[in-house]
Amino acid sequence: MIAKQQIKTVITPLLLIFCVLSCWECRKDDLNTDSNFRLAFSNDTVLFDTVFTTIGTATQKLMVYNHGKERVVISRIKLARGNASPFRINVDGRSAFEVTNWELAKKDSMFIFVKATIDPNQEDAPLIQTDSIIFEINGAVQTVKLVAWGQDAYFYKNVHFSRDTTLKNNKPHVVYGWLVADPNVKLNIEAGTKLYFHYNSGLYIDNGAQITVNGTPESPVEFSQDSRVKANDTVPGQWQGIELSKESGPHTFSNVLIKNAMTGLLVDPGSTPVKLYNCEIKNHLRQGIYAKNATIEAGNCLVSNCGAGLFVVESGGSYDFRQCTFANYRSFYPGRSVASISLANFSVENRDTIPSDLQNAYFGNCILDGTFFNELGLKNSSKAAFHFQFENSVAKTEPNETYLPYFVNCITNPIKDSIFADAKKYNFALNKKSPAIDLGSLQIVNTSAFNLQVDAKGNSRTSDFAPDAGALEYLGGKK
């Protein structure tokens, strides 16, 4: 009996130790250390669309999920901007810029509360504040973006206007995703309105819808990117641009600035008519104006510095540009392969050429210039009409005998840097020796659908010998 009791006394602690070790080993095996494992989140971006009109604070919730069959240890949860961030995170009651070694059980989830604190009265602050939450787990990194509006603004996230709408000018309009005017809706935009678009966002005018932009010289309307950092002010491709869909219109853009998009203005087939007056369209990654079998009338417009052409026509159409300047001098487009103005009376679909008449492409009292030896591209299919004309204009091109009659009272292939005040610094006013001075025709001015008696800045074109070519009248007296 004594021997048995002694054996039992010895075995019992051993069994206990064995059980503890076994449980510890099980617990150890229950930990996921796979570097390919990924957490799941309720959102990939935490958006603060609250308008910060008083206190300037708002809180949002983010759910973090472990869908795996093992527990995980998140080695670090932190804000990318650290203590410089306008955001704060709270993990299970712990408020900090960074939390370490946070364990999440299998098939479990956790809350992270994110608080944004922004002074709404700090007018010089960025319109949008951004940061991200970084999750480090098993040597891998995952992020969730944080976006908050730092000024009082109207906020839109993939919004469709289903009835006639007017956008007011009393505060900025910030677009995240697409802002859409649904079929047959009339969208009006007041003078002085600012519309700021996030990356991959844009404005779409659907079939049968209309847009009227009522800017004035004193209060123009601006379409641009939401990043208000000065360094981004001339960077192209920061948003998608404006698209006018098939069979939409009529559309009017008066005293408008469109800048820094992928394509400034995309006009689809049958969108008619589009009227552009006193518009500046610049710094777009692809085209400034891309028209497909459309109808456009333009006066006093300056189109500049685009990577795939300033005005590109596909599938013909009808176009009338007067007192406009096209200038392509952007230095970071070394790979540009398209002329500043490109005209085609066909399109290519599935390797098939589809002809369509270029009824008219008229350029009166205009300037076409840039870094290419030839800034006019002509793509003419013999199966469709191809009518264009430059009149009383300066054009950097060398027309062959076939197209020579299409240039009336024009100066072609001007001396480099002889036209503008400082093209390298994007100052497209005329210099005192510019061949564009007094080159224009008063008849072209008087027969326009627009008031071209004054230039894009309101200066008279009729007070001297003759109008100058281009959007801007030279003010320094006679040559």
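It should be noted that the structure appears before, not after, this text.
Our subject in this report is the structure included herewith.

Rules used in this analysis
- Residues numbered from 1 in each chain as written.
- Predicted model: local features only at pLDDT ≥ 70, side-chain atom pairs only at ≥ 80, totals over all residues.
- Heavy atoms only, no water.
- Helix = DSSP H or I, 4+ residues; strand = E, 2+ residues; numbered from the N terminus.
- Buried < 20%, exposed > 50% of the residue type's maximum accessible area, 1.4 Å probe, protein only.
- Areas by Shrake-Rupley, 256 points an atom, 1.4 Å probe, with all protein chains shown as cover.
- Salt bridge = Lys/Arg side-chain N within 4 Å of Asp/Glu carboxyl O.
- Phe/Tyr/Trp six-rings, centres within 6.5 Å; stacked < 30°, edge-to-face > 60°.
- Lys NZ or Arg CZ within 6 Å of the ring centre and 35° of its normal.
- Pairing = 2+ DSSP bridges.
- Axes fitted to C-alpha atoms, helices over the stretch in contact; angles between N-to-C directions.
- Contact = heavy atoms within 4.5 Å.
- Polar contact = N/O pair within 3.5 Å; in protein donor to acceptor, adjacent residues only side chain to side chain.
- Core = buried A, V, L, I, M, F, W, Y, C linked by side-chain atoms within 4.5 Å.

### Brief notes about the overall build of the protein
Okay, so step 1: From N to C terminus, the protein includes two helices and 38 strands.
Okay, so step 2: Scored against the burial criterion, the 479 residues of the protein give a buried share of 50%.
Okay, so step 3: Accessible surface for the protein amounts to roughly 22,700 Å². Of this, 50% is attributable to carbon and sulfur atoms.

### Details of the pattern of salt bridges
Okay, so step 1: For the structure on display, the rule yields 11 salt bridges.
Okay, so step 2: Put simply, arginine 336 and glutamate 375 hold a salt bridge, and the shortest N to O gap is 2.9 Å. On the criterion of sequence distance, the pair formed by arginine 336 in the loop between strand 26 (325–328) and strand 27 (341–344) and glutamate 375 in the loop between strand 31 (367–370) and strand 32 (376–379) is long-range, its members being 39 residues apart. Glutamate 375 shares its class with arginine 336; the two are buried.

### A short note on the packing of aromatic side chains
Okay, so step 1: A complete count under the given rule lists 23 aromatic pairs for this structure.
Okay, so step 2: Relative to phenylalanine 388, the ring of phenylalanine 386 has its centre 5.8 Å away and its plane inclined at 70 degrees; by these criteria the two rings are edge-to-face.
Okay, so step 3: The exposure class of phenylalanine 388 is buried, given its relative accessible area of 4%.
Okay, so step 4: When the centroid spacing of 6.0 Å and the interplanar angle of 75 degrees are considered together, the rings of phenylalanine 388 and phenylalanine 407 count as edge-to-face. On the criterion of sequence distance, the pair formed by phenylalanine 388 in the loop between strand 32 and strand 33 (389–391) and phenylalanine 407 in strand 35 (residues 407–408) is long-range, its members being 19 residues apart.
Okay, so step 5: Given the relative accessible area of 12%, phenylalanine 407 is considered buried.
Okay, so step 6: The rings of Phe311, Tyr319, Phe321, Phe326, Phe363, Phe386, Phe388, Phe390, Tyr403, Tyr406 and Phe407 are connected pair by pair, giving a single aromatic cluster.
Okay, so step 7: Geometry around tyrosine 154 places lysine 171 over its ring, the cationic atom sitting 4.6 Å from the centre.
Okay, so step 8: Lying over the aromatic face of phenylalanine 372, arginine 336 brings its terminal NZ or CZ to 3.8 Å of the ring centre.

### A short note on the sheet that holds strand 10 (residues 140–149)
Within a sheet, neighbouring strands are paired by backbone hydrogen bonds and run either parallel or antiparallel to one another.
Okay, so step 1: Taken together, the five strands give an open sheet; going across it, the order is 2-10-9-4-7, and neighbouring strands pair in mixed fashion. Taken across any chain shown, the strands that pair with only one partner, and hence form the sheet edges, are strand 2 (45–48) and strand 7 (98–104). Here the strands of the sheet are splayed against their neighbours by 20 degrees on average, with no regard to which way each runs.
Okay, so step 2: Direction of pairing for strand 9 (residues 128–137) relative to strand 10: antiparallel, over a ladder of 10 bridges. Its bridge partner being in strand 10, isoleucine 137 is matched across the sheet by alanine 140.

### Side note on the environment of histidine 198
Okay, so step 1: Residue position: histidine 198 is located in the loop between strand 15 (194–197) and strand 16 (202–205).
Okay, so step 2: Each C-alpha atom of the pair histidine 198 and aspartate 226 lies 5.3 Å from the other, and the pair is 28 residues apart in sequence.
Okay, so step 3: Every residue in contact with histidine 198, bar those within four places of it in the chain, is listed here: Ile128, Val175, Tyr176, Asp226, Gln238 and Trp239.
Okay, so step 4: In this structure the side chain of histidine 198 is engaged in a polar contact, spanning 2.5 Å, whose partner is the side chain of aspartate 226.

### So, the nonpolar core
Okay, so step 1: In terms of nonpolar packing, the biggest core is built from 60 residues, with Phe223, Phe253, Phe311 and Phe321 touching the most fellow members.
Okay, so step 2: Excluding anything up to four places from it in sequence, phenylalanine 311 contacts Ile289, Ala291, Ile296, Tyr319, Phe321, Phe326, Ser340, Ile341, Ser342, Leu343 and Phe363.
Okay, so step 3: If you look at the next biggest cluster of nonpolar residues, it comprises 28 residues, including Val64, Phe87, Ile89 and Val114.

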